[in-house]
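Given next are the chains, with one letter for each unit.
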Amino acid sequence: MKKEKQKNLLQRYPLSCMLIVVIWVLCLTPWIPESPLNHVRLIDKWTHLVMYGTLTATIWWEYLRQHTVRNGWRLFLFAFLAPIAMGGLVELAQAYCTGGRRSGEWLDFLANSLGVCLGVLIGMVLCWRVKR
């Protein structure tokens, strides 16, 4: 039964699951690649904002594709609280599980949370558009 639900989750939300894995891998990779955007002020924070905004908007999009009846509490839990909690866990993992090669930062957590809020706004617009 449990394996059935996991498979169902992966089938119903493939992009969201893929983005979750990609975010964890990127955030726990011991090296940070050089980029032509390294000179941009706060590029790290912008990256966090975009990653979590994209994740949250994708969760909303896949949810709206799968469900004709919206469950506000489920959306609140899985498309708002869960990504914020994941952002906090990623920062804790960076601080305590990378042997000092990465650092967990409060500003990164704030950027993650702002990205989630932006993704929720995009999701709400999608929801409004789907209703029409």
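The structure this text deals with has already been given above.
Here's a quick rundown of the structure. Nothing here was measured: the structure is a model prediction, and the numbers come from that model. (Residues numbered from 1 in each chain as written. Predicted model: local features only at pLDDT ≥ 70, side-chain atom pairs only at ≥ 80, totals over all residues. Heavy atoms only, no water.)

### Things to note about the pattern of salt bridges
Phase 1 of the analysis: By the definition in use, this model includes three salt bridges.
Phase 2 of the analysis: Among the ionic pairs, Lys45 bridges to Glu105, the shortest N-O distance being 2.8 Å. With Lys45 in helix H3 (residues 43–66) and Glu105 in the loop between helix H4 (72–97) and helix H5 (106–131), this pair connects stretches of sequence that are 60 residues apart.
Phase 3 of the analysis: Exposure remark for Lys45: the relative accessible area of 16% places this residue in the buried category. (Salt bridge = Lys/Arg side-chain N within 4 Å of Asp/Glu carboxyl O. Helix = DSSP H or I, 4+ residues; strand = E, 2+ residues; numbered from the N terminus. Buried < 20%, exposed > 50% of the residue type's maximum accessible area, 1.4 Å probe, protein only.)

### Section: the packing of aromatic side chains
Phase 1 of the analysis: Counted under the stated rule, the structure contains three aromatic pairs.
Phase 2 of the analysis: Measuring from centroid to centroid gives 6.1 Å for Trp73 and Phe76, while their planes differ by 90°, and the two rings are edge-to-face. Residue Trp73 and its partner Phe76 are located together in helix H4, separated by three residues, close to a single helical turn.
Phase 3 of the analysis: When its relative accessible area of 70% is taken as the criterion, Trp73 is described as exposed.
Phase 4 of the analysis: Residue Phe76 is classed as partly exposed on the basis of its relative accessible area of 38%. (Phe/Tyr/Trp six-rings, centres within 6.5 Å; stacked < 30°, edge-to-face > 60°.)

### Details of unusual backbone geometry
Phase 1 of the analysis: Of note in this structure, Leu42 is not a glycine but carries a positive phi near 60°.
Phase 2 of the analysis: If you trace the backbone, Leu42 turns up in the loop between helix H2 (14–28) and H3.
Phase 3 of the analysis: A residue is classified by how much of its surface remains accessible, and Leu42, at 47% relative accessible area, is partly exposed.

### Overview of the side chain of Thr98
Phase 1 of the analysis: Tracing the sequence through the fold places Thr98 in the loop between H4 and H5.
Phase 2 of the analysis: Only 2.7 Å separates the side chain of Thr98 from the backbone oxygen of Gln94, close enough to count as a polar contact.
Phase 3 of the analysis: With sequence-adjacent residues up to four places away left out, Thr98 is seen in contact with Leu28 and Ala93. (Polar contact = N/O pair within 3.5 Å; in protein donor to acceptor, adjacent residues only side chain to side chain. Contact = heavy atoms within 4.5 Å.)

### Some thoughts on the packing of H3 against H5
Phase 1 of the analysis: Contact geometry of H3 with H5 gives a least axis separation of 7 Å together with a crossing angle of 30°. Considering only the axes of H3 and H5, their crossing is right-handed.
Phase 2 of the analysis: Tallied by class, residues from the contact of H3 with H5 come to 17 nonpolar, seven polar and three charged. (Axes fitted to C-alpha atoms, helices over the stretch in contact; angles between N-to-C directions. Left-handed = near helix turned anticlockwise from the far one by under 90°. Nonpolar A, V, L, I, M, F, W, Y, C, P; charged D, E, K, R; others polar.)

### A short note on the nonpolar core
Phase 1 of the analysis: One finds Ile23, Tyr52, Leu55, Trp60 and Met86 to be the most contacted residues of the largest nonpolar core, which totals 19 residues.
Phase 2 of the analysis: Mapped onto this core, the elements with two or more residues apiece are H2, H3, H4 and H5.
Phase 3 of the analysis: Top contributing element to this core by residue count: H3, with seven residues. (Core = buried A, V, L, I, M, F, W, Y, C linked by side-chain atoms within 4.5 Å.)

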